[in-house]
Amino acid sequence: VPIVPDESRTFGMDALFRQVGIYSHKGQLYEPVDKENLLFYKEEKNGAILEEGITEAGSMSSFIAAGTAYSTHKINTIPFYIFYSMFGFQRIGDLVWAAADARAKGFMFGGTSGRTTLAGEGLQHQDGQSHVLALSIPSLMAYDPAYAYELAVIVKDGLKRMFQDGEDILYYITVMNEKYTMPQIPKRKGIEDGIIKGMYKIKTSRQNKYNIHLLGSGTLLNEVIKAAEKLKKEYNINADVWSVTSYKCLYDNAKEIEKSNRKNNKQVKNYIQQSVGEKEGLFVAITDYQKVLPLTVSDWFPGKFIALGTDGFGLSDQRPELRKHFEVSADHIVWSILKQLSNHSVFDKKALSKVKNKLDI
């Protein structure tokens, strides 16, 4: 059940108008203004798209109806609710809670997400908090994938867990509108498991003598990769790069393990600890959301943990300027690493001022 609270074209769904139609219980009662277009608004009694107009509350109500049809009507319908991410939890968060409370199942996609990704829209669309708000809903699986293969793995696993295994969960997945290369899924054992559990390594440096780890999510994983390349090329500093697909999954797992260990007097390691090991290092997490999101899991990383994020209001500007403003650009990531290394007398403090000017910090 595709659901959209807007004009659909923003998300490239207009190709579905002629193919499956827009649902209307009375059929089409008007002549669409785009009737000359190949992909005109086509409403039908048996249409499949719920194109609700500009009403987030109405659309979320449709999500709840479709997401609970398995229990109310004994019919599995799978809602795919696609909306501007800023128009989700911030506006209808109580209805998301109601959906979870009613054991609704399905996928909510926060489109054009992140505070620096949708350029030029200022405060209206720049979402830096939806993943923070998502932390409050116990049965919600929240993901911020960077690549198409991550998205595919998450949706496939969600379909299995909700409709095959019968788990009472629902999904929130943020997707971007930024164009960048989508690589093939790495052919390494455990990649899919890491995507689902919340993080996996995409780049290992054999010469990582300072044990530096860069954690990237969503579209800002690209800035992280650029930073790692610049550190290596210009400063001969190596770093491992991780894709963090879900801070909520990492947090939920760590809290549950901590609770179990306390109750049973055990020392079982959570997924973060299993992944990064016990060697102390420098961990820098970069997110297009508020810094508090990665800071929720900082306790379980050994060594120094630094969070770079997008606290504050948005701006109407281009992506490079927005990322410079919020200090989540590749240059700011490099600077945070070098500044921290200089604090421990690993990087020459006298060279810092030159580096600062060079990186335009």
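Reading guide: rules and limits
- Residues numbered from 1 in each chain as written.
- Predicted model: local features only at pLDDT ≥ 70, side-chain atom pairs only at ≥ 80, totals over all residues.
- Heavy atoms only, no water.
- Salt bridge = Lys/Arg side-chain N within 4 Å of Asp/Glu carboxyl O.
- Helix = DSSP H or I, 4+ residues; strand = E, 2+ residues; numbered from the N terminus.
- Buried < 20%, exposed > 50% of the residue type's maximum accessible area, 1.4 Å probe, protein only.
- Expected span 1.5 Å × (residues − 1).
- Pairing = 2+ DSSP bridges.
- Axes fitted to C-alpha atoms, helices over the stretch in contact; angles between N-to-C directions.
- 1 Å grid on protein atoms, 1.4 Å probe; cavity = no way out; pocket = protein on both sides within 12 Å on 5 of 7 lines; lining within 4 Å.
- Points joined across faces, edges and corners; volume = space filled by probe spheres on them.
- Nonpolar A, V, L, I, M, F, W, Y, C, P; charged D, E, K, R; others polar.
- Parallel < 35°, antiparallel > 145°, perpendicular 65-115°, else oblique.
- Left-handed = near helix turned anticlockwise from the far one by under 90°.
- Contact = heavy atoms within 4.5 Å.

## Description of the pattern of salt bridges
Going through the model one piece at a time under the given rule, you end up with 21 salt bridges. Between Asp 168 and Arg 103 there is a salt bridge, with the nearest N and O atoms lying 3.4 Å from each other. Residue Asp 168 is located in the loop between helix H6 (148–164) and strand E8 (170–174), and its partner Arg 103 is located in the loop between helix H4 (89–101) and strand E6 (107–111); the two are separated by 65 residues in the primary sequence. Under the relative-accessibility criterion, Arg 103 is labelled partly exposed at 42%. Its salt-bridge partner being Lys 201, residue Asp 240 comes within 2.9 Å of it at the nearest N-O pair. Residue Asp 240 is located in strand E11 (residues 240–244), and its partner Lys 201 is located in strand E9 (residues 199–203); the two are separated by 39 residues in the primary sequence.

## Structural notes on helix H2 (residues 56–67)
End to end, H2 covers 16 Å across twelve residues, agreeing with the expected 16 Å (1.5 Å per residue, within 8%). Taken as a whole, H2 has its buried residues at Glu 56, Ser 59, Met 60, Ser 62, Phe 63, Ile 64, Ala 66 and Gly 67.

## Quick look at the sheet that holds strand E13 (residues 303–308)
Taken in spatial order, the five strands line up as E9-E11-E10-E12-E13 in an open sheet, and their pairing is mixed. Of all the strands in the sheet, just E9 and E13 have a single pairing partner and so form its edges. Taken pair by pair, the neighbouring strands of this sheet meet at an average axis angle of 25 degrees, ignoring direction. The pairing of strand E10 (residues 212–216) with E11 spans four bridges and is classified as parallel. Within the sheet, the bridge partner assigned to Gly 216 lies in E11 and is Ser 243.

## Re the layout of surface pockets
The volume enclosed by the largest pocket comes to roughly 290 Å³. Contributing to the lining of the largest pocket are 14 residues, with Met 141, Arg 161, Cys 249, Asp 252 and Asn 253 lying nearest its centre. Every element with two or more residues in the lining of the largest pocket is listed here: strand E7 (140–143), helix H7 (191–197) and helix H9 (247–264). Examining the composition of the lining of the largest pocket, we find that four residues originate from one element, H9, more than from any other. Partitioning the lining of the largest pocket into residue classes produces eight nonpolar, one polar and five charged.

## Overview of the packing of helix H8 (residues 221–235) against helix H14 (residues 349–359)
Put simply, H8 and H14 touch, their axes get as near as 15 Å, and they point 130 degrees apart. The orientation of H8 relative to H14 falls into the category oblique. For the element pair H8 and H14, the recorded crossing hand is right-handed. Facing Lys 230, Glu 234 and Tyr 235 of H8, the residues of H14 in contact are Val 355, Lys 358 and Leu 359. A breakdown of the residues in the contact of H8 with H14 according to their chemical character gives three nonpolar, no polar and three charged.

Everything listed here is a matter of coordinates, which is why it stays silent on function.
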